[in-house]
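Close look at the chain arrangement
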Amino acid sequence: MNQFLKQCRTILGNKLPKLIVLGNESCDLDSAVCCLCLAFNLAKNPGIIKSLTTCNNPVLPVLNVTREELPLKTEVVHFLRSNQVDLADLVCRDEVELPEGQSETKFVLVDHHVSRFRRNVVAVVDHRPFDGNSGLEGGTYKFIEQVGSCATLVTKLMEQVDLCKEVTGENAEVLRLLYGAIVLDTVNFSAEADRARPLDHEMAALIERSLGVAKYPEYRKQLFDELVAKRSDVSSLDSLQILSKDLKIVSKNGITVAIPGYPILVQEYIKLDGVGENLRKFADKTNSNVIVLMGMKVTEGSVQRDLGIININNEKLHQEILNKLTSSVSPDFAFKKHDHVTMEGSFFQQCNVRVTRKHLLPLVTNVVEGLGSSV
């Protein structure tokens with residue numbers, strides 16, 4: 001992997017067309033691992049996605065985050081380092097030219113499929129519901145299946161071309177990275193979280209057999225606890241940095257909603273020093289009209305979630321989002337209102353912990369697009 005990444009750094013400055021494998025903007029562990037592992041496999045085994053076998057562009061994995069923001073992804077940094085991946089050789093979003101118009105440079109999107117680069121997208125590997133308004137070309141290769149982890153789909157692509165049978169040193173390295181992402185994203189296959197699907201179980205078991213992992217329930221738990229601890233460790237981050245740790249933005253026609261997710265509860269977050277001032281700074285930085293805070297805390301496999309909706313400068317948008325989320329039946333967040341909070345906003349305990357940001361995003365997008373069309 002490190003040799004591959006060093007080779008990737010050498011092509012940054014040239015103007016030759018590339019095949020860019022791009023993760024999603026949250027750059028969580030699943031996204032980062034899938035970006036690196038899929039790119040690594042495409043460079044060595046183009047047949048992993050048959051439609052790309054005729055593409056001769058050099059493959060370049062790009063983490064969809066700036067170099068400055070990378071240290072905020074604490075579990076990503078930890079897990080890559082623990083697997084001897086050299087962080088200095090990673091390519092971040094602000095280190096490469098990303099063309100938006102017609103270009104010989106093509107994109108493979110992993111862990112997302114709605115992108116401003118849609119004109120140049122040739123393949124998508126994603127585990128969220130397909131958005132019919134994504135604007136992808138009809139001939140785009142799509143491997144989209146609602147499983148717990150996108151890493152499960154990357155592993156399946158490897159299995160289909162027999163890359164999981166005879167495990168070499170480099171394959172083992174890739175499989176270890178994918179395995180960590182699967183375990184974390186499925187909440188260690190927790191029945192309560194209900195994130196894991198049959199294919200997640202199948203691919204995790206395949207990796208365990210391939211790597212010869214013994215006593216895998218104990219190994220899974222040890223790995224999961226380690227990753228959760230690193231993801232939850234925000235002790236080195238202030239209340240402004242935490243907002244950018246795992247961020248999604250919904251924006252259209254001059255309306256912007258920021259949706260930060262973080263590994264502590266919202267009720268804990270709003271008690272941190274300087275929260276009010278830093279929320280305003282964050283809103284200025286992201287041009288946000290409303291901020292939707294999504295908190296999650298995992299303790300011994302038990303999941304807690306809560307949510308806060310903060311109006312910055314658009315009360316109508318705030319109310320529309322509030323009404324949309326609280327009246328939603330599918331998904332049903334099962335909100336319970338928090339009455340005693342330390343700042344202005346709408347705050348809720350989310351009793352249905354199976355609902356995630358992937359389910360919330362389409363609802364917020366629908367509100368933004370509805371209001372945007374009336375602007």
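See the structure shown above.
Before going into details, it helps to say that this report is about the structure given with it. Since this is a predicted model, take the numbers as computed values, not measurements.

**Examining the sheet that holds strand β4 (residues 121-126)**
One open sheet accounts for five strands, arranged β2-β1-β3-β4-β5; its pairing is parallel. The open sheet has two edge strands, β2 (59-62) and β5 (141-144), and neither has a second partner. Across this sheet, the average inter-strand angle for adjacent strands is 15°, counted without regard to direction. Bridge count between β4 and β5: four bridges; the pairing is parallel. Counted as the bridge partner of valine 124 is lysine 142 from β5. Contacting β1 (19-22), β2, β3 (106-110) and β4, helix α2 (residues 29-44) crosses the sheet at an angle of about 175° to β2.

**Notes on the nonpolar core**
The nonpolar side chains of a soluble globular protein tend to be buried with one another. By size, the foremost hydrophobic cluster in this structure holds 88 residues, and its most contacted members are Val125 and Leu178. The leading source of residues in this core is α2, at eleven residues. Once you skip the residues sitting within four places of it in the chain, valine 125 turns out to touch Leu38, Ile49, Leu109, Val110, Asp111, His112, Phe143, Cys150, Leu153, Val154 and Leu157.

**Some thoughts on the pairing of β2**
Side chains Val59 and Pro61 project from β2 onto one buried face, and the interleaved Leu60 and Val62 project onto a second face that is buried too. Bridge count between β1 and β2: four bridges; the pairing is parallel. Across the sheet, the residue bridging to valine 21 is proline 61, located in β2. The handedness of the β1 to β2 crossover, carried by α2, is right-handed.

The rules behind each value
Residues numbered from 1 in each chain as written. Predicted model: local features only at pLDDT ≥ 70, side-chain atom pairs only at ≥ 80, totals over all residues. Heavy atoms only, no water. Pairing = 2+ DSSP bridges. Helix = DSSP H or I, 4+ residues; strand = E, 2+ residues; numbered from the N terminus. Axes fitted to C-alpha atoms, helices over the stretch in contact; angles between N-to-C directions. Contact = heavy atoms within 4.5 Å. Core = buried A, V, L, I, M, F, W, Y, C linked by side-chain atoms within 4.5 Å. Buried < 20%, exposed > 50% of the residue type's maximum accessible area, 1.4 Å probe, protein only. Right-handed = clockwise from strand over helix to strand, strands pointing away.

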